[in-house]
Amino acid sequence: MGLIGMLLFLNVYAPQSLLPVLAREFGVSSAQVGTVIGSTTLAVALASPLAGLIADAHGRRRVILGAFALLTLPGVLAAQAQTLGALNLARFGQGLLIPLVMVAVSAYLAEEAPPERFARLLTAYVTGTIVGGWAGRLLSGLAEHAGNWKVAFWLLVLSNALALGVAVVGLPRETKFVPQRQMPEVLQTLRSHLRNPVLLLTCLNGFLILFVLVSVFNTVTLRLAGTPYGLGSGPIGAVFTVYLLGAVITPVAAPALAQRGPRWALGTAVLTGLVGLALTLAQPLPLLILGLAALACGVFLAQAASLNAVQQSVQAGRSLATGLYNLAYYGGASVASVLAGAAFDYQGWNAVVALCAAAMLAALWVGRRAWRSLAT
């Protein structure tokens, strides 16, 4: 599960360390270049509910295998892109396929994993996504630093081929999956989810969580490329090593999440994230990096809590529920890709921090209100 999460999320944020270079190459603003990330997250958001329906109808494992096989195609198109529009189109294609894996994995674990191991296995997947997010940014930065940013997308083509092999060998066949292929059943499940206040508020919480993460890490690349730091793509990619702290803290927190529940995890996450945001206001680079590390830990703990809450909030149609959550979650990333860039252009880093602090406090209020009835 960790390998699947890692190889999948290489695709999502790999170009983030390249944003200053892409802005110069294509002659666009901070808000415009943010669409390289936003095009993918928008597609993920739009495709997630449909991905849930597909996984509920055709099986989790089959959908995971098919998605990884198809992901090689937009990677090739991105590697050959000559304009920002062409790159964004290829990135949008990647985003349409990524949620097929995401929604299927959560439902697969909820159905196939022993109850006492579910939280740990889900946390292993989340940890893998963290490592993948870091590795994608680092490899992209190193590829550009070596002379060619397009190499980053060829690396994604290879990683998706590898992921297909991992899933074929490593995912046991389902034993508890019950297909939902009748449209009346699907519509009944959808209506049930849309009337579920816990699920809907959890979706709003997810929107705010990823809004913060993408806002910070999109714009911090632009800050680090400017005065007084003047970092290139390689060093900027190395800064994303702070993501690895998230990969450590998330599995360490898994027993506490299972024992004390998502409300406790969310409170801890928001406090950690706010401290991290405050530290990023400092100019010395070590303090800035420490702040980014704390923020990453907070956001990933909040994400683990939210995924736990999604699965607790429903008894059927789990892929569809995860798809609705991802619609909101990656919708937050799409909004952040443009809004945070505009805030950075308008008032610099301070405006981004204020925006993200408000979003984190809102996430705390929403999550604690929504999760009163969940297991603790």
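Structural data are supplied above this passage.
Described in the following lines is the structure provided in the data block. Just so it is clear, the model here is predicted, and its values are computed rather than measured. Position labels on residues start from 1 in each chain and follow its written sequence. In view of the model being predicted, local features appear only for residues whose pLDDT reaches at least 70, and side-chain atom pairs are presented and counted only at 80 or more, with totals across whole chains, interfaces and linings using the full set of residues. Hydrogens and water are ignored here; the side-chain numbers use all heavy atoms of the structure.

So, helix 9 (residues 151–170)
- Each helix is a run of H or I in the DSSP string that is no shorter than four residues. Each strand is a run of E no shorter than two, and both are numbered from the N terminus. Each helix should span, by expectation, one fewer than its residue count multiplied by 1.5 Å. Between the first and last C-alpha of helix 9 there are 28 Å, a value that for 20 residues agrees with the 28 Å anticipated at 1.5 Å per step.
- Every buried residue of helix 9 is accounted for by A152, F153, L156, V157, S159, N160, A163 and A167.
- Of the surrounding elements, those touching the buried residues of helix 9 are helix 1 (2–13), helix 5 (60–70), helix 6 (72–79), helix 7 (84–112) and helix 8 (115–145). Throughout, exposure labels follow a simple rule: accessible area from a 1.4 Å probe, protein chains only, divided by the maximum for the residue type, with under 20% read as buried, over 50% as exposed, and the rest as partly exposed. Whether two residues are in contact is decided by their heavy atoms: any pair within 4.5 Å suffices.

Considerations on unusual backbone geometry
- Geometrically, the link from T227 to P228 is a cis peptide bond, its omega value of 5° lying close to zero.
- Secondary-structure assignment places P228 in the loop between helix 11 (197–225) and helix 12 (233–239).

Describing the packing of helix 5 against helix 7
- The geometry of helix 5 relative to helix 7 is characterised by a closest axis approach of 8 Å and an angle of 155° between their N-to-C directions. As judged from the angle between their axes, helix 5 and helix 7 are roughly antiparallel. In this structure, the crossing between helix 5 and helix 7 has a hand that is left-handed. Of the residues in helix 7, those in contact with R60, V63, I64, A67, F68 and L70 of helix 5 are L97, L100, V101, A104, V105, A107, Y108 and E111.
- Note on residue classes: Ala, Val, Leu, Ile, Met, Phe, Trp, Tyr, Cys and Pro are nonpolar, Asp, Glu, Lys and Arg are charged, and everything else, Gly too, is polar. Here the contact of helix 5 with helix 7 is composed, by residue class, of 12 nonpolar, no polar and 2 charged. Convention adopted: a line fitted to C-alpha atoms gives each axis, helices being fitted over their contacting stretch, and angles between N-to-C directions are expressed from 0 to 180 degrees. Relative orientations are named as follows: roughly parallel for angles under 35 degrees, roughly antiparallel for angles over 145 degrees, roughly perpendicular for angles from 65 to 115 degrees, and oblique for any other angle. By definition, turning the near helix anticlockwise from the far helix through less than a right angle yields a left-handed crossing, and turning it clockwise yields a right-handed one.

Here's the deal with the nonpolar core
- To define a nonpolar core, start from buried Ala, Val, Leu, Ile, Met, Phe, Trp, Tyr and Cys residues and group those joined through side-chain atoms within 4.5 Å. Counting residues in each nonpolar core, the largest one holds 121 residues, and the members touching the most others are L8, L87, F217, Y243 and Y330.
- Counting residues per element, this core draws most heavily on helix 11, at 15 residues.
- Filtering out sequence-adjacent residues up to four positions away, Y330 remains in contact with F9, V12, Y13, T41, V44, A45, M102 and L210.

A few points about the environment of L100
- When you line up the elements, L100 lands in helix 7.
- Along the primary structure L100 and V63 are separated by 37 residues, whereas in three dimensions their C-alpha atoms are 6.3 Å apart.
- Residues contacting L100, with those up to four places away along its chain left out, are A51, I54, V63 and A67.

Brief notes about the pattern of salt bridges
- Any Lys or Arg side-chain nitrogen found within 4 Å of a carboxyl oxygen on Asp or Glu counts as a salt bridge. The tally for this structure, following the rule as stated, stands at 1 salt bridge.
- When the shortest N-O distance is used, the salt bridge between E111 and R60 registers 2.5 Å. You can see E111 sitting in helix 7 and its partner R60 sitting in helix 5, a full 51 residues away along the chain. Per residue, the accessibility class of E111 equals that of R60, and both read buried.

Side note on the side chain of T280
- Within the secondary structure, T280 is located in the loop between helix 14 (262–279) and helix 15 (285–313).
- Given the relative accessible area of 1%, T280 is considered buried.
- Looking at T280, its side chain comes within polar contact range of the main-chain oxygen of L277, at 2.6 Å.
- Ignoring any residue separated from it by four or fewer positions in sequence, one finds T280 in contact with R223, L288, G291, L292, W349 and V353. For the purposes of these results, a polar contact is taken to be a pair of N or O atoms within 3.5 Å, where, inside protein, one atom must be able to donate a hydrogen and its partner to accept one; residues adjacent in sequence count only when each atom of the pair is a side-chain atom.

Considering the packing of aromatic side chains
- Aromatic contacts are taken between Phe, Tyr and Trp rings whose centres are within 6.5 Å, Trp giving its six-membered ring; a plane angle under 30 degrees counts as stacked, one over 60 as edge-to-face, and the others as tilted. One pass over the structure, following the stated rule, counts 6 aromatic pairs.
- The interplanar angle of 75° and the centroid separation of 6.3 Å between the aromatic rings of F26 and W149 together place this pair among those described as edge-to-face. In this pair, F26 is assigned in helix 2 (residues 19–26) and W149 in the loop between helix 8 and helix 9, connecting sequence segments 123 residues apart.
- On the basis of relative accessibility, which here comes to 5%, the residue W149 falls in the buried class.
- Ring geometry for Y325 against Y329: centres 5.6 Å apart, planes inclined by 20°, an arrangement best described as stacked. Linking Y325 with Y329, this pair stays in helix 16 (residues 318–347), spanning 4 residues, or about one helical turn. In this structure, Y325 and Y329 share a single accessibility class: buried.
- An aromatic cluster of three or more residues is present, and its members are F26, W149 and F153.
- Whether a charge lies above a ring is judged from NZ of Lys or CZ of Arg, which has to be within 6 Å of the ring centre and within 35 degrees of the ring normal. Lying across the ring of F217, R137 places its NZ or CZ 6.0 Å from the centre.

Concerning helix 6
- Turning to helix 6, its buried residues are T72, P74, G75, A78 and A79. Buried residues of helix 6 fall within an arc of 165° about the axis and therefore sit on the same side. Opposite the buried face of helix 6, by more than 90 degrees, sit the exposed residues L73 and L77.
- As for helix 6, its buried residues are in contact with helix 5, helix 7 and helix 9. This arc is taken over the directions from the axis of the helix to the C-beta atoms.

Shape is all these values report; function is a separate question.
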